[in-house]
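The lines below spell out each chain.
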Amino acid sequence: MSAVETGTGAQQVTSVMHVRCPDRLPEDVYRQVLEQMAELSAVVQALPPRAALAELKGALRYYGVDASRLGEVLRVRTISRLGVDVRVGVGPCITVAATASAQITGQGGVLAIAPGQVADFLGPLPVEALHGIGPRQARALHDYGVHCIGVLASIPPATVQRLLGGRPGRQAADRARGIDPRPVVPRTLPATASVHRTFPRHTLDGAAVRAALLDEAVTLAHQLRRRCQVARGLTLTLRFAGGTTWEKTRRLAEASAHDDDLRAMAYRLIDAAGLQRGRITQITLKGQDLVPTGQVAEQVSLDQVREARLVAEEVSDRIRGKFGPDAIRPATTLLRVS
């Protein structure tokens, strides 16, 4: 048995999933990918801005299928539910799974490495392809003629330590052999949600900016209600031509996920910017300090107009749930794009 295969002797199950999302994926969509992973495993570790890990040992017993199959299930769900393709690597440890996901070409796919395949998989790859090896370490190894992971795995660990330093060298030598005892540690993202709009050209039109902001507020509110969360604050970020930005955060009087509440606060924020001739290229609205809806007591309103709007909001949510998020849009936005 090779050195690499021996190193994985204590871990004979391919149970670690490493997921890579597309570049520049919006944060709210990234969170939804994490939610899809959480449906398969209770142990999900977010690696923002676009990667994540999952430990599948419990899921393998529960579903009665192998890790490769669970990777395919995740990919089908992200494509069908979110319109996002992902690259999924699965292996007996974090290093092997993350290295596998990086080897997938194209927009998406699944690559599963069994414990007995680790040596054959890692061996021919260049050393810079090993997850955890940085550019400086790769250059140092190249200088000594170590160009592939198989050669690195065959070198005594003490020699690798002399080349790369004590701890980094020991880790590189172990990981080249498929030895990585690090566990997947459950970790979620901070409780935020955001939406953004990019203008196709610089805009000075205040009406167009406010219409886009209204669309963002309604979209964000619907997103929060779908996730059964409410926001305690809002942050508005404006990006201008030339790359400068302006940002301001304000707390809501009461935690909310209602269209009217988020719209009113969003308008207060844009008014605080005091825009005159600023050429805006992008607007981002972020809900801050999110909490589950059930943790917040909602005040009973005696305002019949507000109550009617809340009823209409529920109807709108059902329509969006059936026909898609764009089935209903703010009237000002419809007028602007028509």
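Calculation rules
Residues numbered from 1 in each chain as written. Predicted model: local features only at pLDDT ≥ 70, side-chain atom pairs only at ≥ 80, totals over all residues. Heavy atoms only, no water. Helix = DSSP H or I, 4+ residues; strand = E, 2+ residues; numbered from the N terminus. Areas by Shrake-Rupley, 256 points an atom, 1.4 Å probe, with all protein chains shown as cover. Salt bridge = Lys/Arg side-chain N within 4 Å of Asp/Glu carboxyl O. Buried < 20%, exposed > 50% of the residue type's maximum accessible area, 1.4 Å probe, protein only. Expected span 1.5 Å × (residues − 1). Polar contact = N/O pair within 3.5 Å; in protein donor to acceptor, adjacent residues only side chain to side chain. Phe/Tyr/Trp six-rings, centres within 6.5 Å; stacked < 30°, edge-to-face > 60°. Lys NZ or Arg CZ within 6 Å of the ring centre and 35° of its normal. Contact = heavy atoms within 4.5 Å. Pairing = 2+ DSSP bridges. Axes fitted to C-alpha atoms, helices over the stretch in contact; angles between N-to-C directions. Lys, Arg positive; Asp, Glu negative; His and termini not counted. pLDDT = per-residue confidence, 0-100.

> Outline the overall build of the protein, listing residues and values.
Within the protein one finds 14 helices and ten strands. Accessible surface for the protein amounts to roughly 17400 Å². Of this, 52% is attributable to carbon and sulfur atoms.

> Could you give me a rundown of the pattern of salt bridges, with the residues and numbers involved?
Per the stated rule, a full pass over the model turns up twelve salt bridges. Of the charged contacts in the structure, one is a salt bridge between aspartate 289 and arginine 232, with a shortest N-O distance of 3.7 Å. With a gap of 57 residues between them, aspartate 289 in the loop between β9 (280-288) and β10 (291-292) and arginine 232 in strand β7 (residues 229-240) connect regions that are remote in the sequence. Given the relative accessible area of 31%, aspartate 289 is considered partly exposed. Overlapping salt bridges bring together Glu39, Arg77 and Arg81 as one network.

> Pulling in residues and values, what's your account of helix α11 (residues 206-226)?
Given 3.6 residues to a turn, an α-helix orients residues that are three or four positions apart in the same direction. Relative to the 30 Å expected for 21 residues at 1.5 Å per residue, α11 spans 30 Å between its end C-alpha atoms, a close match to the ideal helical length. Within α11, 16 of the 21 residues are buried, leaving the element largely enclosed by the surrounding structure.

> Lay out the environment of arginine 182 with the relevant residues and their values.
With respect to the element layout, arginine 182 can be found in the loop between α10 (166-176) and β6 (193-203). For arginine 182 and threonine 95, which are 87 residues apart along the polypeptide, the C-alpha to C-alpha distance reads 9.1 Å. For arginine 182, the side chain forms a polar contact with the side chain of aspartate 180, separated by 2.7 Å.

> How would you explain the packing of aromatic side chains if you had to name every residue and give the values?
Applying the stated criterion to the full structure yields one aromatic pair. Ring geometry for tyrosine 62 versus tyrosine 63: centroids 4.9 Å apart, planes at 85 degrees, classification edge-to-face. The exposure class of tyrosine 62 is exposed, given its relative accessible area of 67%. Above the plane of the ring of tyrosine 267 lies arginine 210, whose end atom (NZ or CZ) is 4.3 Å from the centre.

> Which residues make up helix α5 (residues 94-102), and what values do they have?
Of all nine residues making up α5, eight are buried, and the element is well covered by its neighbours. Taken residue by residue, α5 has Ile94, Thr95, Val96, Ala97, Ala98, Thr99, Ala100 and Ser101 as its buried positions. Those residues of α5 that are buried lie in contact with β1 (16-20), β3 (51-55), β4 (87-91), β5 (109-112), α6 (118-122) and α10.

> Pulling in residues and values, what's your account of the sheet that holds β5?
Sheet strands line up and pair through hydrogen bonds in the backbone, either parallel or antiparallel. Spatially, five strands are ordered β2-β3-β1-β4-β5 in an open sheet, and the strand pairing comes out mixed. Only two strands of the sheet have a single partner each, and these edge strands are β2 (43-47) and β5. With direction set aside, neighbouring strand axes in the sheet form an average angle of 15 degrees. In this structure, β4 lies alongside β5, joined through four bridges in parallel fashion. Residue pairing for β5: glycine 89 is matched across the bridge by leucine 111.

> Outline the side chain of glutamate 55, listing residues and values.
Here glutamate 55 shows up in strand β3. Of the side chains bearing the opposite charge, lysine 57 lies closest to the buried glutamate 55, which forms no salt bridge; the N-O distance is 5.0 Å. At 2.8 Å, the side chain of glutamate 55 forms a polar contact with the side chain of serine 15. Apart from residues lying up to four places away in sequence, glutamate 55 is in contact with Ser15, Val16, Ser41, Val43 and Val184.

> Any details on the confidence of the model for the protein? Residues and values, ideally.
Counting all residues, the mean pLDDT for the protein is 85, and 86% of those residues have values of 70 or more. For residues 1-11, every residue scores under 50 in pLDDT, and the model assigns this stretch 23 contacts once sequence neighbours within four places are set aside. Residue range residues 332-338 is modelled with pLDDT below 50. Its contacts to residues more than four positions away, or to other chains, number nine contacts.

> Talk me through the environment of alanine 253; I want residue IDs and the actual numbers.
Take alanine 253: it is sitting in strand β8 (residues 245-256). Sequence separation between alanine 253 and glycine 233 is 20 residues; the distance between their C-alpha atoms is 8.6 Å.

> Give a detailed account of the pairing of β8, specifying residues and quantitative values.
The side chains of a regular strand alternate, first on one face of the sheet and then on the other. Bridge count between β7 and β8: eight bridges; the pairing is antiparallel. By the bridge assignment for β8, glycine 233 is matched with arginine 251. Here β7 folds back onto β8 in antiparallel fashion, the turn holding four residues, of which glycine 242 has a positive phi close to 100 degrees.

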